[in-house]
Amino acid sequence: MSSIFKSKAFAYVLALLTLLAFLAFIILRQRSGFELDVVKPYTSMWVSAFFKTIFISLITLAGSLVLGFIFYLLSISKIKYFNALIDLFTEVVYGTPLLVMVVVTAFLIGPAFGSYNRNVLGVLALIFYMSPFMKNIFKSAILSIDEEQYLAMEAFGFTTYQKYRYIILPQVIRILMPPLMNNLSLIIKGSALLNVLSYEELFYATVVIQSKTYAFVEGYLIMWALYLVITIPLSNFAKLIERKWAL
Amino acid sequence: MKIELSNLTHIYDRVVIDDCTLDIDGYQSIAVIGVSGSGKSTLVRILSGLEAPTMGTAKVNGLEVHSEEHKKKIGFVFQKHNLFPHLTLKENITLVLEKTRDYSKAEAQEKATFYLDLLHLQNQANKLPKHVSGGEAQRASLARALSIDPDFIFLDEPTSSLDPILTDEVLKAVEELKGLGKEFLFITHVMSFVKDFADYVIYMDQGVIKEHGEPSILTNPKTQSLKEFMEKVR
């Protein structure tokens, strides 16, 4: 009896049951009924929104990786102006809610440059928002290669290219991956805010389906589940990589 | 090994090596001893060409220490093993040989295997540094230093991060290498090893070479400084 309470699997099953019981309680407490059939015709819309969410998240990831690396380079530049610029930008971004970033980019910054393409501006807002976080990931990954290793590279006479190609970058990528996965998870969750620009991602699609079917409870729960379908495997993948690739 | 120092001075934010002059010749394994911060590491790094002195000159076997020709002759073993953590012990050696010494893949493999065997690491060859003990990692570092066919092996406190048992294991490995015909310059705090292995001793204190000579100076120190040092390390 006592050993079953010590088992990890049992603990997880129990935790899952608790969660399901909580969900059942929430559903039963709603005034409207729970009917999945009404939203069934909209499956393809959800599927398409699901992939759009993944698509813009990956674009944001790639964009913020590039911009984050540029920010990193500017932040270590010998030109003080660049350091200050990045510092200031980082402070502003850290202090800005993502929703505010999205509307300011789409409705103020974009139009100032003559651009009204909300899909592009929305993704740009996400990229701007994530770049300082990416910059920090690069910074800590590169710092984690200790001074002594550089000394060893020097002693054996590696060229600068060889140092980066065979020793520094392979390590940086390993260190980078887990926080990168976590950032991707942040991006996916943040992309829900693009609904204010009518971009057809998961949140927006859900609201549209709800307004057509009045299935509010079902709509929110399905949307919630779809986010978790992406983020939970992602975070476990990050943990796996962290364990496997740790140096 | 022939070492010539002439008014060698090195300054970081303070004077680390203070106007050292020395001319010795004909010794195979030279120990550099002294308390922490006495300038030993800096001296060895300058002699290996890893660091350029602020003033003065240093030559080893007649070559300027910053010359590429001299640098290629040195195998360096650091305080920490400094193996590249993402590569196995064997890959740590083959990477160096293939990229910096133009070996073919097969030659590099063969050589890496030979030196890992020599240091009794055949069973650890395909493990990452984090999966072997500190002593094994340090021996692998020694194998890596040997693999480039250096004339000199420089060791900068190779056992300072190891417990006494592992220290013994690494120092025994170094002693076994004496027959390879290499010349050694090493820093250590293990005086029994100095007495057994060194045929010349340089004692440093506050950036100055206070005393140097054959290991007998350790039992009959001339300066008060070395006398006090020997009392402390005993």
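Residues numbered from 1 in each chain as written. Chains lettered and ligands numbered in written order. Predicted model: local features only at pLDDT ≥ 70, side-chain atom pairs only at ≥ 80, totals over all residues. Heavy atoms only, no water.

Chemist: Where do I start with the overall build of chain B in this structure?
Modeler: A count of helical and extended segments in chain B gives eight helices and ten strands. Counting only C-alpha atoms, chain B reaches 50 × 40 × 35 Å along its principal axes. Across the 234 residues of chain B, 56% fall into the buried class. Sequence separation of 24 or more characterises 66% of the internal contacts of chain B that already satisfy a separation of 6 or more. Of the roughly 10000 Å² of accessible surface on chain B, 48% is carried by carbon and sulfur atoms. Of the side-chain charges in chain B, 27 are positive and 34 negative, and the distance between the mean point of each set is 3 Å. (Helix = DSSP H or I, 4+ residues; strand = E, 2+ residues; numbered from the N terminus. Buried < 20%, exposed > 50% of the residue type's maximum accessible area, 1.4 Å probe, protein only. Contact = heavy atoms within 4.5 Å. Areas by Shrake-Rupley, 256 points an atom, 1.4 Å probe, with all protein chains shown as cover. Lys, Arg positive; Asp, Glu negative; His and termini not counted. Charge placed at Lys NZ, Arg CZ, Asp CG, Glu CD.)

Chemist: What am I meant to see in a positive patch on the surface here?
Modeler: All names here are of chain A. On the surface, a cluster of positive charge is made up of Lys8, Lys239, Arg243 and Lys244. Examined against the element boundaries, Arg243 turns out to sit in helix α10 (residues 216-245). Assessed through its relative accessible area of 61%, Arg243 is described here as exposed. (Patch = residues over 30% accessible without salt bridge, like charges linked within 9 Å, V, L, I, M, F, W, Y side chains within 5 Å. Salt bridge = Lys/Arg side-chain N within 4 Å of Asp/Glu carboxyl O.)

Chemist: I would appreciate a short explanation of the pairing of strand β9 (residues 200-205) of chain B in the present structure.
Modeler: Successive residues of a regular strand alternate their side chains across the two faces of the sheet. Residue and element names in this part refer to chain B. Among the six residues that make up β9, six are buried, leaving the element largely enclosed by the rest of the structure. Neither face of β9 is exposed, since Tyr200, Ile202 and Met204 on one face and Val201, Tyr203 and Asp205 on the opposite face are all buried. Looking at chain direction, β9 and strand β10 (residues 208-213) are connected through five bridges and run antiparallel. The residue of β10 that forms the bridge with Val201 is Gly213. In this antiparallel pair of consecutive strands, β9 and β10, the connection spans two residues, and Gln206 shows a positive phi of 50 degrees. (Pairing = 2+ DSSP bridges.)

Chemist: Mind showing me how you'd approach the interface of chain A and chain B here?
Modeler: Size of an interface, as often reported, equals the accessible area lost when the parts are brought together. Each side of the interface is counted separately: chain A has 19 residues, and chain B has 18 residues. Each partner contributes to the roughly 1900 Å² buried at the junction of chain A and chain B, and carbon and sulfur atoms together form 67% of this total. The interface formed by chain A and chain B includes zero salt bridges. Put simply, the parts of the chain that give the side of chain A that touches chain B at least two residues each are α7 (147-156) and α8 (160-190) of chain A. Sort the elements by how many residues they give to the side of chain A that touches chain B and α7(A) lands first, with eight residues. (Buried area = accessible area lost by both parts, 1.4 Å probe.)

Chemist: Is there a simple way to explain helix α8 (residues 224-233) of chain B in this structure?
Modeler: A turn of α-helix holds 3.6 residues, and therefore any two residues three or four places apart point the same way. Residues and elements named next belong to chain B. Inspection of α8 places Ser225, Leu226, Phe229 and Met230 among the buried residues, and these make up the whole buried set. When α8 is viewed along its axis, its buried side chains cluster within an angular range of 130 degrees and face the same direction. Of the residues in α8, the exposed ones pointing more than 90 degrees away from the buried face are Glu231 and Lys232. (Arc of directions from axis to C-beta.)

Chemist: Just checking my understanding: could you explain the nonpolar core for this structure?
Modeler: When a protein is soluble and globular, its nonpolar side chains tend to lie buried together. Leu5(B) and Leu47(B) are the most contacted members of the largest nonpolar core, which totals 134 residues. It is helix α6 (residues 118-143) of chain A that contributes the most residues to this core, eleven residues altogether. Ignoring sequence-local partners within four residues, the contact set of Leu47(B) consists of Ile3(B), Leu5(B), Ala58(B), Val60(B), Val65(B), His70(B), Ile74(B), Phe154(B) and Leu185(B). (Core = buried A, V, L, I, M, F, W, Y, C linked by side-chain atoms within 4.5 Å.)

Chemist: Please explain the pattern of salt bridges as it appears in this structure.
Modeler: Here the idea is simple: oppositely charged side chains can pair when their charged atoms come close. Residue and element names in this part refer to chain A. Under the counting rule described, the total for this entry stands at nine salt bridges over all chains. In this structure, Lys52 and Glu200 form a salt bridge, with 3.2 Å as the shortest nitrogen-oxygen distance. Note that Lys52 is positioned in helix α3 (residues 43-75) and Glu200 in the loop between α8 and α9 (202-213), a separation of 148 residues in sequence. The residue Glu154 makes a salt bridge to Lys163 at a minimum N-O spacing of 3.1 Å. Residue Glu154 is classed as partly exposed on the basis of its relative accessible area of 42%.

Chemist: What is the right way to look at the side chain of Ser57(A) in this model?
Modeler: Residues and elements named next belong to chain A. Residue placement: Ser57 occurs in helix α3. The exposure class of Ser57 is buried, given its relative accessible area of 1%. Residue contacts for Ser57: discarding those within four places in its chain leaves Leu184, Ile187, Ile188 and Ser191.

Chemist: I would appreciate a short explanation of the packing of α6(A) against α8(A) in the present structure.
Modeler: Each pair of packed helices gets described by two things: the angle between the helix axes and the distance between those axes. Residues and elements named next belong to chain A. Where α6 meets α8, the closest approach of the two axes is 10 Å, and the angle between their N-to-C directions is 160 degrees. As judged from the angle between their axes, α6 and α8 are roughly antiparallel. The two elements α6 and α8 meet at a crossing, and its hand is right-handed. Contacts between α6 and α8 involve Leu126, Met130, Phe133, Met134, Ile137, Phe138, Ala141 and Ile142 on the former and, on the latter, Val172, Ile175, Leu176, Pro179, Leu180, Asn183, Leu186, Ile187 and Gly190. The residue makeup of the contact of α6 with α8, split by class, is 15 nonpolar, two polar and no charged. (Axes fitted to C-alpha atoms, helices over the stretch in contact; angles between N-to-C directions. Parallel < 35°, antiparallel > 145°, perpendicular 65-115°, else oblique. Left-handed = near helix turned anticlockwise from the far one by under 90°. Nonpolar A, V, L, I, M, F, W, Y, C, P; charged D, E, K, R; others polar.)

Chemist: I would appreciate a short explanation of the sheet that holds strand β2 (residues 15-24) of chain B in the present structure.
Modeler: Two strands in a sheet stick together by hydrogen bonds in their backbones, pointing the same way (parallel) or opposite ways (antiparallel). Residue and element names in this part refer to chain B. With antiparallel pairing, four strands are arranged side by side in an open sheet as β2-β1-β4-β5. Edge positions in the sheet fall to β2 and β5 (63-64), since each has one partner strand and no second. Judged from the two bridges that link them, strand β4 (residues 55-60) and β5 form a sheet pairing that is antiparallel. Residue pairing for β5: Val60 is matched across the bridge by Leu63. Helix α1 (residues 40-47) rests against β1 (3-11), β2 and β4 of the sheet, and its axis sits at about 120 degrees to β1.

Chemist: Looking at this structure, how should I read the environment of Ala112(A)?
Modeler: The residue Ala112(A) is located in helix α5 (residues 98-112) in this model. C-alpha separation for the pair Ala112(A) and Leu240(A), spaced 128 residues apart in sequence, amounts to 45 Å.

Chemist: Would you mind showing me how to read the packing of aromatic side chains here?
Modeler: Two aromatic rings are characterised by how far apart their centres lie and by the angle between their planes. Per the counting criterion, the structure on display carries 18 aromatic pairs over all chains. Where Phe69(A) meets Phe138(A), the ring centres are 5.0 Å apart and the plane angle is 65 degrees; that geometry is what we call edge-to-face. With Phe69(A) in helix α3 and Phe138(A) in helix α6, this residue pair connects regions lying 69 residues apart in the sequence. According to the relative accessible area criterion, Phe69(A) is partly exposed, its value standing at 35%. Looking at Phe138(A), the relative accessible area reads 9%, which means it is buried. Between Phe193(B) and Phe197(B), the aromatic rings sit 4.9 Å apart at their centres with planes inclined by 20 degrees, giving stacked as the arrangement. Remark: Phe197(B) and Phe193(B) occur in helix α7 (residues 191-197); sequence separation between them is four residues, near one turn of the helix. (Phe/Tyr/Trp six-rings, centres within 6.5 Å; stacked < 30°, edge-to-face > 60°.)

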